[in-house]
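Here's the letter readout for the chains.
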Amino acid sequence: MKKIILLIPFFGILFICISVKVYSKQSANNVYHLNLPLGLDEFAIEIPKDNPITKEKIALGKELYFDPRLSADGTISCASCHNPKLAFTDGLPASVGIKGQMGRRSAPTIINRVFGKVQFWDGRASSLEEQAKVPMINPTEMGNRDYDEVVRRLRNIKGYREGFKKAFGTEEFTIEHVAEAIASFERTVVSGDSPFDKFESGGDEKAISESAKRGLEIFHDKGRCTECHAGFNFTDERFHNTGVGMNKPNPDLGRYEITKKEEDRGAFKTPTLREIARTGPYMHDGSLETLDEVVEFYNKGGIKNPNLDKEMKPLNLTEEEKRDLVEFLKTLNGEGWQEITIPAKLPQ
């Protein structure tokens, strides 16, 4: 079956795709085509030319993703911080790594990162392949001394040697192969076909409540949310200083740590709002527990500081408007990622 894509105007400036669900399949050249739910744009998919997705890479990457043997002490896997039971987050203000060490930032969901141009809150990784490697040698996260340690451990597992042989044609795999497999799996973690998509793209007037419809109008108009949360994935993939944490004695400087540009001080990447009702707590430091708190934070215009984004201004929303906006945000819970299950067993 082929996928039919129609573009319709979305509030005059954006476009939403109507996607007819099709079956994922393997093409003649072994490249795997993603099956995207309603509302997602297949033309926005970010897949490196040197790492096309295949069925074998996905299967291998899934095993690696859930395997705690990627960590130095065998206790932490990718799924420890990006748990499918919690919409691929961990539900904590800051993630916990080996030996119970606490990180400094909340784990963002990996849902719809197939559309992402840069990874991590500070954008330090330019691809999912690069992102997959970083935690392995982070002393707080997986704690390995170097990548060679990870590769040696995996090469000692017969099942993985066989898996890499199927996926990459070699048992002498490298850390690049490991990262490419994990990234291939992560690109299959998607969310669409939400009540909002059924309403906006599918034309189902009953898909969302009247309160949510009012909230949608606020989202685009008085709330000015689309200044950052734009497009079908509800993110501009850019970095903004909203003031979160900037009133602390030693604030997290975010993007500035990567670029050293003064204008990036305290700026963090705009997260997708898809599945937002399932992925709290919120902000890069997990400082806001509920969507009501998030809406109130923006309603007040964030926290003032010298680098506050110019778009951050008090919104003057009424109590009813705040409730309507939260109701709209809840309509962004979708389908797709729930089909991913934890492997019954890992390679031995």
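Residues numbered from 1 in each chain as written. Predicted model: local features only at pLDDT ≥ 70, side-chain atom pairs only at ≥ 80, totals over all residues. Heavy atoms only, no water.

What to know about the overall build of the protein chain
Regarding its fold elements, the protein chain presents eleven helices and eight strands. Computed over C-alpha atoms, the radius of gyration of the protein chain comes to 21 Å, within 12% of the 20 Å expected from 2.2 N^0.38 for 348 residues, which places it in the range of a compact globule. Counting all 348 residues of the protein chain, 54% fall into the buried class. In the protein chain, 63% of the contacts between residues at least 6 apart in sequence involve partners at least 24 apart. (Helix = DSSP H or I, 4+ residues; strand = E, 2+ residues; numbered from the N terminus. Rg over C-alpha atoms; globule rule 2.2 N^0.38 Å. Buried < 20%, exposed > 50% of the residue type's maximum accessible area, 1.4 Å probe, protein only. Contact = heavy atoms within 4.5 Å.)

Observations regarding helix 4 (residues 147-155)
Turning to helix 4, its buried residues are Glu149, Val150, Val151 and Leu154. Next to the buried residues of helix 4 lie helix 1 (55-65), helix 5 (158-168) and helix 6 (175-186). The distance from a side-chain oxygen at the start of helix 4 to the backbone nitrogen of aspartate 148 is 3.2 Å, and the residue carrying that oxygen is aspartate 146. (Polar contact = N/O pair within 3.5 Å; in protein donor to acceptor, adjacent residues only side chain to side chain.)

Things to note about the packing of aromatic side chains
The full count for this structure, using the stated rule, is 14 aromatic pairs. With a centroid separation of 5.9 Å and an interplanar angle of 70°, the aromatic rings of phenylalanine 219 and phenylalanine 234 are classed as edge-to-face. Of this pair, phenylalanine 219 sits in helix 8 (residues 210-220) while phenylalanine 234 sits in the loop between helix 8 and strand 6 (239-240), placing them 15 residues apart in sequence. Residue phenylalanine 234 is classed as buried on the basis of its relative accessible area, which comes to 1%. Residues phenylalanine 219 and phenylalanine 328 carry aromatic rings whose centres are separated by 5.0 Å and whose planes lie at 55° to one another, so their mutual orientation is tilted. With phenylalanine 219 in helix 8 and phenylalanine 328 in helix 11 (residues 319-330), this pair connects stretches of sequence that are 109 residues apart. An aromatic cluster of at least three residues, connected via ring pairs, comprises Tyr65, Phe66, Phe88, Phe185 and Trp337. A cation over a ring is seen here: arginine 124 above phenylalanine 120, with NZ or CZ 4.0 Å from the ring centre. The side chain of arginine 155 reaches across the aromatic face of phenylalanine 173, ending 5.7 Å from its centre. (Phe/Tyr/Trp six-rings, centres within 6.5 Å; stacked < 30°, edge-to-face > 60°. Lys NZ or Arg CZ within 6 Å of the ring centre and 35° of its normal.)

Some thoughts on the nonpolar core
Core analysis: the biggest nonpolar cluster contains 42 residues, and Leu64, Tyr65, Leu154, Val178 and Ile182 have the highest contact counts within it. Breaking this core down by element, the ones donating at least two residues are helix 1, helix 2 (78-81), helix 4, helix 5 and helix 6. Among the elements that make up this core, the one with the highest residue count is helix 6 (six residues). Counting 27 residues, the second largest nonpolar core, distinct from the first, contains Ala212, Phe219, Cys225 and Phe297. (Core = buried A, V, L, I, M, F, W, Y, C linked by side-chain atoms within 4.5 Å.)

Description of the state of the cysteines
Within this structure, the stated rule accounts for zero disulfides. Free of any disulfide, cysteine 228 has its nearest cysteine sulfur in cysteine 225, 9.2 Å distant. Note on cysteine 228: relative accessible area 16%, which makes it buried. (Disulfide = S-S within 2.5 Å.)

A look at a nonpolar patch on the surface
A surface patch of nonpolar side chains, about 240 Å² in accessible area, is lined by Leu92, Val96 and Met102. Among the structural elements, methionine 102 can be located in the loop between helix 2 and helix 3 (128-133). Exposure remark for methionine 102: the relative accessible area of 54% places this residue in the exposed category. (Patch = residues over 30% accessible without salt bridge, like charges linked within 9 Å, V, L, I, M, F, W, Y side chains within 5 Å. Areas by Shrake-Rupley, 256 points an atom, 1.4 Å probe, with all protein chains shown as cover. Salt bridge = Lys/Arg side-chain N within 4 Å of Asp/Glu carboxyl O.)

So, the packing of helix 10 (residues 291-299) against helix 11
Relative orientation of the contacting elements helix 10 and helix 11 amounts to 125°, with a least axis distance of 10 Å. Compared by their axis directions, helix 10 and helix 11 come out oblique. Helix 11 is crossed by helix 10, and the crossing has right-handed handedness. The segment helix 10 lies against helix 11, with Leu291, Asp292, Val295, Glu296 and Asn299 engaging Lys322, Leu325, Val326 and Leu329. Class assignment of the residues belonging to the contact of helix 10 with helix 11 gives a composition of five nonpolar, one polar and three charged. (Axes fitted to C-alpha atoms, helices over the stretch in contact; angles between N-to-C directions. Parallel < 35°, antiparallel > 145°, perpendicular 65-115°, else oblique. Left-handed = near helix turned anticlockwise from the far one by under 90°. Nonpolar A, V, L, I, M, F, W, Y, C, P; charged D, E, K, R; others polar.)

A look at the environment of arginine 104
Positionally, arginine 104 belongs in the loop between helix 2 and helix 3. The sequence separation of arginine 104 and alanine 94 amounts to ten residues, and the corresponding C-alpha distance is 5.6 Å. Not counting chain neighbours up to four residues away, the residues in contact with arginine 104 comprise Ala94, Asp252, Glu257 and His284. In this structure the side chain of arginine 104 is engaged in a polar contact, spanning 3.5 Å, whose partner is the side chain of aspartate 252. One polar contact links arginine 104 to glutamate 257, side chain to side chain, over a distance of 2.6 Å.

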